[in-house]
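Read off the chains here:
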Amino acid sequence: MKDKHPLLRLAYEWGVLVLGCAIFALGFNWFVGPNQFSIGGLTGVGQIINALIPQIPIGIMTIVLNVPLFILGWIFLGKRAVFRSLVAMVLSSLMLDGIAMLHVFTPMDPMLASVYGGVFLGISMGILMLVNTTTGGTELGARLLKFPFPHLSIGKLCLMIDVTVVSVYAAVFHNIVNAMYGIVALYISSIVMDYIIYGFRTAEVVYIISAEYAAITNKLLEMDRGVTLLEGTGAYSQKGCKVIMCAMKRNQIVQVKLLVSEIDPDAFVIVCKANEVLGEGFGEYTKNSI
């Protein structure tokens, strides 16, 4: 979407924002709330306060608790990202309370609720992160923690924060079982979120050792793939050889293996999964990257 018209890009980002908020509110009301799970974060804190003071809606309490985080976000993330996150936080909170007013979902099997609740919440947070937006709370806190802990993924940071809140929830209400189901939901949501955020950046790295390296290299270049030739030495033969290294999208692997087998059936091929590939033809890294 980066190369699209600015208005189309804007429409896309705000469309994703509304969709993410709707998925979050639906997932919470359908799976989390009726089964009295805590999903951590400031929404989890709102659950605790709502249980103690039922007159205070969870959505409204979440808005109030988010204020300090948004002030920090304004300082470190910039006003544009914080403004959209502020809109997402208010919208998701209003949707959360609105859906609760329109329909009361009944409890279901706890494990089923924790699995599907985790999927819904992970999808909502993941797609919001793709447009540099959060619903506040845990996700905004994770974005801020990404600065001092760049080696940790967003999903892991969210999981750390949320598990802490869930533990407090369990201690306050003496309900270990529901807390355990909540942690299952959080773990699943962290996996789904990381897959959505980082999954499109994953690729495969292929190492090919063949006497026909020149022909194979030419074919890879015809596929518009970047190729690097490494110098290698056989440990047994002590003979020098060329090692082809090439990063590519997952859906190109079969085609590459077929062309290598056609050129040199005896070629030695190693296929490795790369968690992230940055550079021309792939992603790019900035100091605010997630």
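Residue positions within a chain follow its written sequence, with the count starting from 1. Selection of residues for local features in this predicted model requires a pLDDT of at least 70, selection of side-chain atom pairs for listing and counting requires 80 or more, and totals for whole chains, interfaces and linings are taken over all residues. Calculated side-chain values reflect all of the structure's heavy atoms, with hydrogen atoms and water omitted.

Student: Would you mind going over the environment of T233 in detail, with residue names and values included?
Tutor: Secondary structure elements follow DSSP: runs of H or I of four or more residues count as helices, runs of E of two or more count as strands, with numbering from the N terminus. With respect to the helices and strands, T233 occurs in strand β2 (residues 227-233). Whether a residue is buried, partly exposed or exposed follows from its accessible area with a 1.4 Å probe, protein chains only, as a fraction of its type maximum: under 20%, in between, or over 50%, in that order. Taking relative accessible area as the criterion, T233 reaches 56% and is therefore assigned exposed. Separated by ten residues in sequence, T233 and V243 have C-alpha atoms that sit 9.4 Å apart. The contact partners of T233, leaving out residues within four places of it in the chain, are Q238, K239, G240 and C241. Contacts: residue pairs with any heavy atoms within 4.5 Å of one another.

Student: Help me get a handle on the packing of aromatic side chains, residues and values and all.
Tutor: Each Phe, Tyr or Trp ring (for Trp, its six-membered ring) is paired with any other whose centre lies within 6.5 Å, and the angle between the two planes then decides the class: stacked below 30 degrees, edge-to-face above 60, tilted in between. Counted according to the given criterion, the structure contains six aromatic pairs. When the centroid spacing of 6.3 Å and the interplanar angle of 65 degrees are considered together, the rings of W14 and F83 count as edge-to-face. Here F83 lies in helix α4 (residues 79-102) and W14 lies in helix α1 (residues 6-32), a separation of 69 residues in the sequence. Under the relative-accessibility criterion, W14 is labelled partly exposed at 28%. Taken together, W30, F31, F105, Y116 and F120 form an aromatic cluster joined through their ring pairs.

Student: Pulling in residues and values, what's your account of empty space enclosed by the protein?
Tutor: Where empty space is left can be seen by rolling a probe of water-molecule size over the atoms. Both site types are read off a 1 Å grid over the protein atoms alone. A 1.4 Å probe that fits but cannot get out defines a cavity, while an open set with protein on both sides within 12 Å along at least five of seven lines defines a pocket; lining residues have an atom within 4 Å of a point. Grid points are joined across faces, edges and corners, and a volume is the space filled by probe spheres set on the points. This structure, assessed with the given rule, holds two cavities of 30 Å³ or more. Of all the secondary-structure elements, those providing two or more residues to the lining of the second largest cavity are α4 and α6 (137-145). Top contributing element to the lining of the second largest cavity by residue count: α4, with three residues. Classification used: nonpolar for Ala, Val, Leu, Ile, Met, Phe, Trp, Tyr, Cys and Pro, charged for Asp, Glu, Lys and Arg, polar for all others including Gly. Counted by class, the lining of the second largest cavity contains four nonpolar, three polar and one charged residues.

Student: So what about the pattern of salt bridges? Which residues, and what values?
Tutor: When the charged atoms of two side chains with opposite charge come close together, those side chains can pair. Throughout this description, the term salt bridge denotes a Lys or Arg side-chain nitrogen within 4 Å of a carboxyl oxygen of Asp or Glu. Within this structure, the stated rule accounts for five salt bridges. Across the salt bridge formed by E204 and R250, the nearest N and O atoms sit 3.7 Å from each other. In this pair, E204 is assigned in strand β1 (residues 203-209) and R250 in the loop between β3 (240-248) and α10 (253-263), connecting sequence segments 46 residues apart. With relative accessibility at 44%, the residue R250 sits in the partly exposed group. Across the salt bridge formed by K242 and E231, the nearest N and O atoms sit 2.4 Å from each other. One end of the pair, K242, is in strand β3; the other, E231, is in strand β2, with eleven residues separating them in the sequence. On the basis of relative accessible area, K242 is assigned to the partly exposed category, the value being 25%.

All we've got here are geometric facts, nothing functional implied.
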